[in-house]
Amino acid sequence: MTQFIFTFLNGLTLAGLYFLVASGLTLIFGLMRVINLAHGAFYLLAGYISWTIADKTGNWLYGAIVGALSLGVFGTLVYVLLLRKFQYEELRVALITLGVSLVLAQAMLAIFGGEYYQTNIPESLTFSVPIPGLGLSYPFFRIFVLILAIVVAIGLWVFISKTRYGAIIRAGVDDTTMVSALGINVQAVFIWIFFLGSLLVGFAGAVGGTTNSFGMGTDGDYLLFSLQVVIIGGLGSIGGVAIGSFLVGVIGQFATGYFPTFAGIITFAMLILILAFRPQGILGKKQ
Amino acid sequence: MKIMNRKRVTYVVVVALAIAFPFITPDPEFWVSSGGTRAIWLGVAALSMSFLNRNLGLMSLGQLFFSGVSGYIVAISSVNHNVKFGTSVPLAILAGTLSGVLIGWIALKTKGVYFFMLTLAVTLGLYSFANQAQEITRGHTGINSIPSPIIFGMDFAYVTPLYYLFLGIAIVLFALCKFLEKTSFGIALKGVRDNEDRMISMGYRTMPLKMIAFVFSAFIASIAGVMGVFYVTNISPDSVGLIRSIDLLVIVVVGGATYLGGAFVGAILIAVFEAIIQDFTQYYVGATGILFIVVLLLAPQGLMGITAQVRARRAKKAGASA
């Protein structure tokens, strides 16, 4: 029973992290039809940057802010310099971002080497909270990640479906020409979306680099997680990311806890099964 | 007719050069294996991707999954269970090919970038399985010192026999692809690629057509997987990892993703590039990444498509000035 509850809590908090990671990917795709396969490399880069800043300043929050912001700027640069011209050629854009991930992987290996890193949890958050009825406690920081994910989820939803900016973004995606004719600079809107999406993965890298260790190869792992999450949940839907993260996080943890050898296969079988019935993912729109 | 002849001449010249290669290359010890054999192996792996992209318009990163399935089966059965290659190789190719039915059943419901993402996830899934399932795959260490095959008393541990074996396989598979494209199946396939809805309304059942093409490409990829095991003599999760997937993609795109020959042009280029840069291996991945991005930005049709691209640009200029 204890193992069951711990596995469930681990899965749930991991789902929070997956949500933070994959929400940027789905946001950019959902609004711009651009799929960024350097997403895992972005995550890892943010991890390194936040670790460095947190290590130098001794302040976790500075690390997280700098990590998120620098990825936001970096992502925007990648978009403006490499992707914007081909924005409507989906596959070509996907391939270019894969190339970006190769170059990034190499650069990060050259700078940070093959060791694994993990950022320290801020001291004020290192305590554990008791689980009622069991006499056990659970590290608060992991619960904090879940809370962050929920806050980001609500924030994104309100921003996109309730605010004026969100309305402009949605309109700009549906009919670029018409929105331009209304005097709105659609190119600037797209840049802001890319900035926001990259900022999110940067923040995820800072948070995930604190709960889990990271290093060479982490980029591929998190690209896989994000792809699984958005494929299962439905590409382009924030709600889909929430459902996908929950399934991949919780089922993945149970699989790792109870059948370690076949953990990968179990998540994979789930993905196949869901796609067999809903090729567009659980909340995805028909292609 | 004239074009036909020119094409035939090209094939003859390329095959003749390939046969003569071990005798005319400088430093054959090095170049036959690290250049020739390697390029043919990578070329066959890339061919399975090009075939699908050219005839169905689908770019698949799942090919490494099939290679991985067949490669791991050969490696595990021969090293752990002493199964003879005569048994394990056909079984491995069969298993790799059949796994194409399962993946195809799911992936072929999607198109374009979805298909690309899904097949990437499939390959990454095998990578994480190979890493985790240590009892079966020996995890990150992988399975090493796989013996080389001996066929009719000829030991393929030697460089030159292995080169000619691979060359033979590549020629047969390339010819098979060309042949399939000329059959009514191949022509129907191009119809599906260009306009699936119209093919459906003409009474074609398109799913079986797509499935056969996909499974055929899985068959080629499975053969490439076995070739990889014999060439590298080991297999590890990195053999099916993200970097290797992208490597294959780079070969296909740089060579020209809509040409069958592009697979081999790209493979030769990458093999030579790797061989030259191997004193600076730490830069290899980044250098390929930059090469890949440059090709995508400037010549998306790849090397095979450059003449067509230049011609089109000239025609456009001429049209604009007229």
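Structure report, in brief. (Residues numbered from 1 in each chain as written. Chains lettered and ligands numbered in written order. Predicted model: local features only at pLDDT ≥ 70, side-chain atom pairs only at ≥ 80, totals over all residues. Heavy atoms only, no water.)

A count of helical and extended segments in chain A gives 11 helices and two strands. For chain A, the α and β elements follow one another from N to C terminus as α-α-α-α-β-β-α-α-α-α-α-α-α. By the compact-globule yardstick of 19 Å for 287 residues, chain A fits well, its C-alpha radius of gyration being 19 Å. Dimensions along the principal axes, computed over C-alpha positions, put chain A at roughly 65 × 50 × 35 Å. When burial is assessed residue by residue, chain A has 53% of its 287 residues classed as buried. Here chain A contributes 12 positively and 9 negatively charged side chains, and the mean placements of these two sets differ by 12 Å. (Helix = DSSP H or I, 4+ residues; strand = E, 2+ residues; numbered from the N terminus. Rg over C-alpha atoms; globule rule 2.2 N^0.38 Å. Buried < 20%, exposed > 50% of the residue type's maximum accessible area, 1.4 Å probe, protein only. Lys, Arg positive; Asp, Glu negative; His and termini not counted. Charge placed at Lys NZ, Arg CZ, Asp CG, Glu CD.)

Moving on, we get to the packing of aromatic side chains. A complete count under the given rule lists 32 aromatic pairs over all chains for this structure. Consider the rings of Tyr48 of chain A and Phe214 of chain A, whose centres lie 5.4 Å apart with planes at 75°: the pair is edge-to-face. Pair noted here: Tyr48 of chain A is in helix H2 (residues 39-57) and Phe214 of chain A is in the loop between helix H8 (186-211) and helix H9 (218-233), with a separation of 166 residues, a long-range link. When sorted by exposure, Tyr48 of chain A lands in the same class as Phe214 of chain A, which is buried. One aromatic cluster in this structure is built from Tyr48, Trp51, Phe112, Tyr117 and Phe214 of chain A. In this structure, Arg92 of chain A packs its charged tip against the face of Phe86 of chain A, placed 3.9 Å from the ring centre. Note that Lys109 of chain B overlies the ring of Trp105 of chain B, its terminal NZ or CZ placed 5.2 Å from the centroid. (Phe/Tyr/Trp six-rings, centres within 6.5 Å; stacked < 30°, edge-to-face > 60°. Lys NZ or Arg CZ within 6 Å of the ring centre and 35° of its normal.)

At the junction of the two partners, chain B supplies 43 residues and chain A supplies 40 residues. Sorting the residues of chain B by area buried against chain A places Val113, Tyr114 and Met117 of chain B first, and these three jointly supply 18% of that buried surface. Remark: the boundary between chain B and chain A carries zero salt bridges. Connecting chain B to chain A are three residue pairs in polar contact (both at pLDDT 80 or more). Of all the secondary structure elements, the ones that give two or more residues to the side of chain B that touches chain A are helix H4 (85-107), helix H5 (112-132), helix H6 (134-137), helix H11 (242-255) and helix H13 (284-298) of chain B. It is H5 of chain B that contributes the most residues to the side of chain B that touches chain A, 14 residues altogether. (Contact = heavy atoms within 4.5 Å. Buried area = accessible area lost by both parts, 1.4 Å probe. Salt bridge = Lys/Arg side-chain N within 4 Å of Asp/Glu carboxyl O. Polar contact = N/O pair within 3.5 Å; in protein donor to acceptor, adjacent residues only side chain to side chain.)

This next bit is on the pairing of strand E1 (residues 128-131) of chain A. Residues and elements named next belong to chain A. As defined by bridge partners, E1 adjoins strand E2 (residues 136-139) across four bridges and the pair is classed as antiparallel. Bridge pairing links Ser128 to Pro139 in E2. Connecting the antiparallel pair E1 and E2 is a turn made up of four residues, with Gly133 showing a positive phi of about 85°. (Pairing = 2+ DSSP bridges.)

A cluster of nonpolar side chains, Met1, Phe4, Phe8, Phe246, Tyr258, Phe259, Phe262 and Ile265 of chain A together with Ile136 of chain B, forms an exposed patch at the surface whose accessible area comes to about 880 Å². Elements with a contribution of two residues or more to the nonpolar patch: helix H1 (2-32) and helix H10 (238-258) of chain A. Position of Met1 of chain A among the secondary structure elements: in the segment before H1. (Patch = residues over 30% accessible without salt bridge, like charges linked within 9 Å, V, L, I, M, F, W, Y side chains within 5 Å. Areas by Shrake-Rupley, 256 points an atom, 1.4 Å probe, with all protein chains shown as cover.)

Glancing now at a positive patch on the surface. A contiguous patch of positive charge on the surface is contributed by Lys85 of chain A together with Arg313, Arg314, Lys316 and Lys317 of chain B. Residue position: Lys316 of chain B is located in helix H14 (residues 306-321). For Lys316 of chain B, a relative accessible area of 68% corresponds to the exposed category.

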